[in-house]
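# Coordinate inspection notes
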Amino acid sequence: MAPTGALTHRRELRRAVRQLRARGLYVAAKWAAEQLVGLNEKTSGGSVESKVDNAKVKESGGIELRARRTPAERAEAGVEVEESEDSDQDEDALLLARSYFDTREYRRAAHALQGLSGRKATFLRFYATYLAGEKRKEEDVVDLAGPLGKSDAVNLELASLEQELSSLHRTSMLDAFGMYLYGVILRERDKHAEACVMLCASVNSYPWNWSAWLELQALCTDPDIFHSLDLKDHWMRDFFVASLFLDLQRNSEGLARYQSLYLLFPGSDHILAQTAVAHYNLREFDDAERLFEELLRVDPYRIEGMDTYSNILYVKECFAALSHLAHKSVLTEKYRSETCCIIGNYYSLKAQHEKAVLYFKRALRLNPKFLSAWTLMGHEFVEMKNTPAAIDAYRRAVDINPRDYRAWYGLGQTYEILAMPYYALYYYRRATQLRPHDARMWCAMGQCYESEQLQIYDAAIRCYKRAVNNNDREGIALNKLAKLHVNLGRHEQAAFYFRKNLERMEADQNESQEYVDALLFLGNYSKNNGSLDEAEIYCTRVLDYGGPAKEDAKAMLREIRSVQQHEDTLLSMESERSTP
Amino acid sequence: MAGSGGRGFVLTSHKVAMCILMHAYAAPSSASPPFCALPSSARHRLALFLLDQTRVTDGFLEPTFEELGEELKEDLSDVGGMLFEQLGSRLPLLCTPEELFQFFQGLKELLAPASYTSEGGRGDDESLLIQPNSLLGQFLRRCILAFNVLSFEGSGRLVVELNAYRWLESSDPRGIFEDRDDMIEGDVFDDEYEYEEDIGDLSLDGMNDLELRFRGPAGGSRRGLQSGGTDPGRQLGGRSNVAAFPIPHAAILGESGVKTRSLRTVEQVEGFLKEQAGLLEKGVGRMPKEELDANLTQLEKLAPEMVRAHYLRYLNHLQQSDYPATMDDLHRYFDYSAGMGGMSAGGASCDSSVGRFQAGLLSLGSMHAHFGHVDQAMQALNEAVRIAQQYNDDACLAHALAALCHMLFDVGAGNETYAKGESAGLRDVGTGPSLGIQQQLLLLLRRCLRRALELKLPQLVAFSRLALAKFDLKHVRRFSSLGGLENGGQLGTSPLEVCKTLRLSSYLLGDSISNGMSPHTGMSGNHATMNQQRGNNMNGNQPLTAAGNMAGGGGAWTTLTGRLGRTSDTVVKLAGTSHLLRAASWELYGSVPLVRVSALIHATCYADVASSDDVLLSYVKLAQHLAAFRGYAAAQPAFEVAAKRFPAAANSWIRTAQLQLIHDHALHRGELKLAQVACGELAASASPVIGVDMERKTEATFRHIRTLLVSGHLDEAAAVARLLFSSCYKASMQLESVLVLLLLADIHKTADSAVTGLPYALAGLTLCQVFSLDWLQASAKVTLAELWLGLGVGHAPRALLLLQQCLPMVLGHGGLELRARTNLALARCYLSDPSFSAETQMENTLDLLQQAAEEFEILEDFALAGEAYYLQALCFDRWSCVEERNIASKAFQRCMQSLNLAQASENAILPL
């Protein structure tokens, strides 16, 4: 299917780019063009060749193929018919309006389109009106904004647009693009269910509009919503599902889908970037970094998604690389929220938290709904010991997207800092609900339960166990489990976890105090249990390290030896006695 | 909303209208087209109207033009109508930024200069300039200031809004669209205005547009504009060639409902929120939830910074028992208010951000308590105590302690495991783990009281005193084991102590009210936690809602509305509660009429301030009293009244009381099925958690035993009763155990083994004496007398003696049932006395029997009424009064028939 699939994809995408551009849907057009370029290169020869291929295909299995293609073709055909129906005069007006539109004079564009009846003209008029309202809203936000960009500015056109679009929809005069716009407006008017239905209808009749898919993704806050969607099968749907899985933190599934898409679109930056994000979400930083480097090599002036890259560099403490990235982004485009975020990350890494906050604030000024900036700003406030501000920032992040587990986690951490472990538990619980397979969340919760204020050890043990089961890479949980069991006097279980921890540390070649403690405990435990040989082994291993533990080990060894000698003498005496 | 002049004060169309009215009030003649002079009384009323408008809190949206007009007409009748017309004609004059500027310039002249005195000013031209420091003056100055800091875009927007405001007077959107051509002519800011061809049926070609644009200031009204008239306002507007500013569609359509309506001032909105919160707390289940929800959604859209809306949402969800949503709202509210540290809104909250965290924990604790999550609540409250200690927040600490006490009352009678859990939970509070839960509670209460006294928090002092009294009332104390406390060593209750505490608390309450108690501001704790306190022995899962954070700015608000402060409200509420507690104490210590008096006092004097739970309780008490003295038929209407007053499902108390009554009634009548059902439902209404709601559970079991007793399953009844006794004993519910003892005695009496019953009755009697339960003691004595009687005729004098001992108590304070039982027992004593002389005592005995029979009949206790009639018939027979004997035996027959009928009835449907 790959070559023929690629062929149809190419044809579809080419057409889609044109159609989307004609309607001013630039983001979607950009996306489609990216995928077009990213298609399998084997079939990217001249047009003649592809035509030949096309012909061959038609000869061989035409009927079958046509059957498969029909919905798409029908949609395309519909669009074409509509395109041709405009009269010349209208065409001129449309051209004028498009020119206005392209120079961002939306009101003029909408005005110029007054009275034109074609579907394209109608859509463009609605869209221009909507954008004019958005522009006005943004200006209002600047005028009226409260602290940190909270404001009540609304797009004043929404109500009237909704009314008109709904009346058009009732008479089923809306094409796929109209439905897309209607869906967007419904979403902004908080009518989420209707918006979902509308967007589904839109992508079912015209699947190549990536913006529509993105809107739909934003509405799928819950896996259940996704399952309830009525979506036709199409390759664009695969892109959507993959992207949605990442959004829902089902990263491995998303990754698998992207890998299968990659076979079709080997040169797609979008897939590359999303794969990198998936790796990042899975905390596979090396892979993610490699992918981002690759992405930057192919597309050096890319800013989209680079904030994630900067997060990786931050975690890996690559000062130079991060500063380079920040510098490059500034040169490319200074006033992008991603750029500001990257710079903020850089300053944060340099421990200049005030400056970092400044840049995060700028990012939020540019885009008040920029989720990661809120969360990162919260982190900075925590570093600056400004807990109320941190809580505020995290809370806004959570209100923008309740699935942002980092912000929930941050809230929990902040309250823990305030010595309110019980209060913090609520937030950690939310975080664990979102990432049930993330050991860090469980560790954090365990720490809360274990804190000296709560001292609910059973719950803490349960949490740490979950952490261990979910591959706790930092190895906090094992040690904690062992210590908790020691404190509770359950030595057997403690020994079990100490042993496991030893194994882990040996595998990591981590030889810290924890390691010595574990050895010492195990030595003691084995000695008390009577397995002296084992105890001896543990104690001699402690002797490799300095500090007070060494002395303890020596003392224990002496004890073991004397016991052994005692036993030996006993044994020899017994043997003497038995052999008269 | 047009620009922002200072935080929270936004110049809106409504405020401009207010300013115009103020002009009409202060200097009618100096306005550019002068207002006609008003009579002085009308001016006075206008001033009052304006004052009122600046302070009302009945909503968060400013009234529309039309609403303003209606209010004007309502308040000022004809003058109002005239003013409204003038207002309507004046508003269109303000159609360019320049005119607005002139208008506000003119407003400055309304303010009196420093040298101005109203007497001096009155002479010339009737102008009553406004003192800059008066409330109206402040409002005016704020308006002027807000305009002065307005950017040009801001004033442009205000003009647009003024247009929309005035047009909205027509509620028919078509009317607006008919005006559309007129609006378009001033299409100056084309980026602000976008019109659609296909909405109206008017088509605009260029010519028409042009014609309209330059249409002269000829006559014609705006209404009938279709054919090119202009409105009076255009006369001035046309001058600057900028006729009208276009308005966005959304505003015209009003359908979005957002931009056309503006928020009132921050103070007013907060006042509104506070009021709503109060209503929510008071009127359990009486608020339309959806309406409030919709309101809040709108408010959040308009003013996202109004975090208190989240609090209200929290309360609303709490009332709806929506746990996840409640949790979510609570955390959201406190998260946001934590961040508000420096920039609190409208000066209403002046607490530091730190205080918020404890308040959050406190609310979390009370929320968990409300949902019955005792452990969680304990954890949260403990953490609140700890954080409060950490930040030296004494007030919060005291409140947290009080809330803990309240919690402990609820769990108080919990079983052993619970008590252990609690002592672990109470680790941080500082009591030793070795003490029993009740000792811990006592220590906590004392600590709470001490702290409240130190901090001079009257409501807390009152609360702790009441709680102490309640504790004394309910718990039998053994003082010996507590170091540092009185070393009585004696087991017993202390009615004197209770009485003293109750009296003390009411003195304190009276004092604080008459002193005009300065409202306690800036406290972040939850006052309302305590409001829910009530002195009653049937408290189940009491909702501990917290209005504290809304009440935080009580002081500021009080001065604005001139009402009695919230704190005083709380104290008055507690004063009312003390009466209820008094009722409860009377109920325990012996006087049913005095219970009624106390409940009546509460219902009549405190109904307006008391929390709904308290009011409900007093209603229930009164209804129960009716049942005890007038029979069940009389109680039923009382319950209906109560149910009408509290219609929601939230009134589980009414249901409980009703069920108790139904059960009693059914038992008396002998309808066993019904009794069983009622008893079952009662048991089901208790919380399923072990150790919680012990009182209700005990009561359900108690009633179950009684049902068994009446239905004749004596063995089973005795077995269950013994179990109940031991569990009561374990949970140290001494008062309940006395009841069980007496019940056991009753069971044995019914089983005709008076000998075995005697020890139980005697034990019960002794305990009653020790615990000073006079009424119960009387009842115990009657039971004892009945037992003696059962032992044989020889013991009749002893029984008589016992009965005579308790007669004063029974006649003075007892209810119908006790009285009837005593009468019957007395009669039986006389009759079984060997030295009974027909001549002297017969009349007496017959009288007693007659009374007993009547009383039993009121109670519909046919079995015992039958017995009384039977005895009566026997007497008459012996006295050979045939006619009377026949009457009595007929009555007896009637009773027996009713009894049989009732017993045979399969009726198991509970009346609602």
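Model, not experiment: these values are computed from the prediction. (Residues numbered from 1 in each chain as written. Chains lettered and ligands numbered in written order. Predicted model: local features only at pLDDT ≥ 70, side-chain atom pairs only at ≥ 80, totals over all residues. Heavy atoms only, no water.)

## Some details on the UniProt feature "repeat: TPR" (unreviewed entry) in chain A
All names here are of chain A.
- What UniProt calls "repeat: TPR" (unreviewed entry) maps, in this numbering, to residues 269-302, 337-370, 371-404 and 405-438.
- As annotated, residues 269-302 has a helix share of 79% and a strand share of 0%, and its two end C-alpha atoms lie 10 Å apart.
- Secondary structure within residues 371-404 divides into 79% helix and 0% strand; the distance between the first and last C-alpha atoms comes to 8 Å. (UniProt positions renumbered as here; feature names shortened; annotations may be inferred. Helix = DSSP H or I, 4+ residues; strand = E, 2+ residues; numbered from the N terminus.)

## Focus: the nonpolar core
- Residues Leu20(A), Tyr130(A), Leu216(A), Leu229(A), Phe240(A) and Tyr415(A) are the most contacted members of the largest nonpolar core, which totals 255 residues.
- For this core, the element with the most residues is helix α19 (residues 394-411) of chain B, which contributes twelve residues.
- Summarising the domain contributions, this core has at least three residues from each of domain 1 (1-71) and domain 2 (421-578) of chain A.
- When sequence neighbours within four positions are dropped, the list of residues in contact with Leu229(A) reads Cys196(A), Cys200(A), Leu216(A), Cys220(A) and Phe240(A).
- One finds Val782(B), Leu803(B), Ala852(B) and Leu871(B) within the second-largest nonpolar core, a separate group that totals 57 residues. (Core = buried A, V, L, I, M, F, W, Y, C linked by side-chain atoms within 4.5 Å. Buried < 20%, exposed > 50% of the residue type's maximum accessible area, 1.4 Å probe, protein only. Domains from an automatic or database assignment. Contact = heavy atoms within 4.5 Å.)

## A word on a negative patch on the surface
Residues and elements named next belong to chain B.
- Negative charge collects at one region of the surface, where Asp52, Glu66, Glu70, Glu74 and Asp75 lie side by side.
- Ranked by the residues each element gives to the negative patch, the list is headed by helix α3 (residues 65-90), at four residues.
- Position of Glu70 among the secondary structure elements: in helix α3.
- Using a relative accessible area of 53% as the deciding quantity, one classes Glu70 as exposed. (Patch = residues over 30% accessible without salt bridge, like charges linked within 9 Å, V, L, I, M, F, W, Y side chains within 5 Å. Areas by Shrake-Rupley, 256 points an atom, 1.4 Å probe, with all protein chains shown as cover. Salt bridge = Lys/Arg side-chain N within 4 Å of Asp/Glu carboxyl O. Lys, Arg positive; Asp, Glu negative; His and termini not counted. Charge placed at Lys NZ, Arg CZ, Asp CG, Glu CD.)

## A few points about the packing of helix α39 (residues 816-832) of chain B against helix α41 (residues 862-878) of chain B
Residue and element names in this part refer to chain B.
- Relative orientation of the contacting elements α39 and α41 amounts to 30 degrees, with a least axis distance of 11 Å. Here α39 is positioned roughly parallel relative to α41, judged by the angle of their axes. By crossing handedness, the relation of α39 to α41 is classed as left-handed. Together, Leu824, Arg828 and Leu831 of α39 and Leu864, Glu867, Ala868, Leu871 and Cys875 of α41 make up the contact between the two elements.
- A per-class count over the contact of α39 with α41 returns six nonpolar, no polar and two charged. (Axes fitted to C-alpha atoms, helices over the stretch in contact; angles between N-to-C directions. Parallel < 35°, antiparallel > 145°, perpendicular 65-115°, else oblique. Left-handed = near helix turned anticlockwise from the far one by under 90°. Nonpolar A, V, L, I, M, F, W, Y, C, P; charged D, E, K, R; others polar.)

## Points about unusual backbone geometry
- Non-glycine residue Asp190(A) carries a positive phi angle of around 65 degrees.
- If you trace the backbone, Asp190(A) turns up in the loop between α8 (176-188) and α9 (192-205).

## Digging into the environment of Glu534(A)
Residues and elements named next belong to chain A.
- Here Glu534 shows up in helix α29 (residues 532-542).
- Judged by its relative accessible area of 30%, Glu534 falls in the partly exposed class.
- Sequence-wise, Glu534 and Asn524 are ten residues apart; in three dimensions their C-alpha atoms are separated by 9.9 Å.
- Beyond its immediate sequence surroundings of up to four residues, Glu534 is in contact with Arg499 and Ser526.

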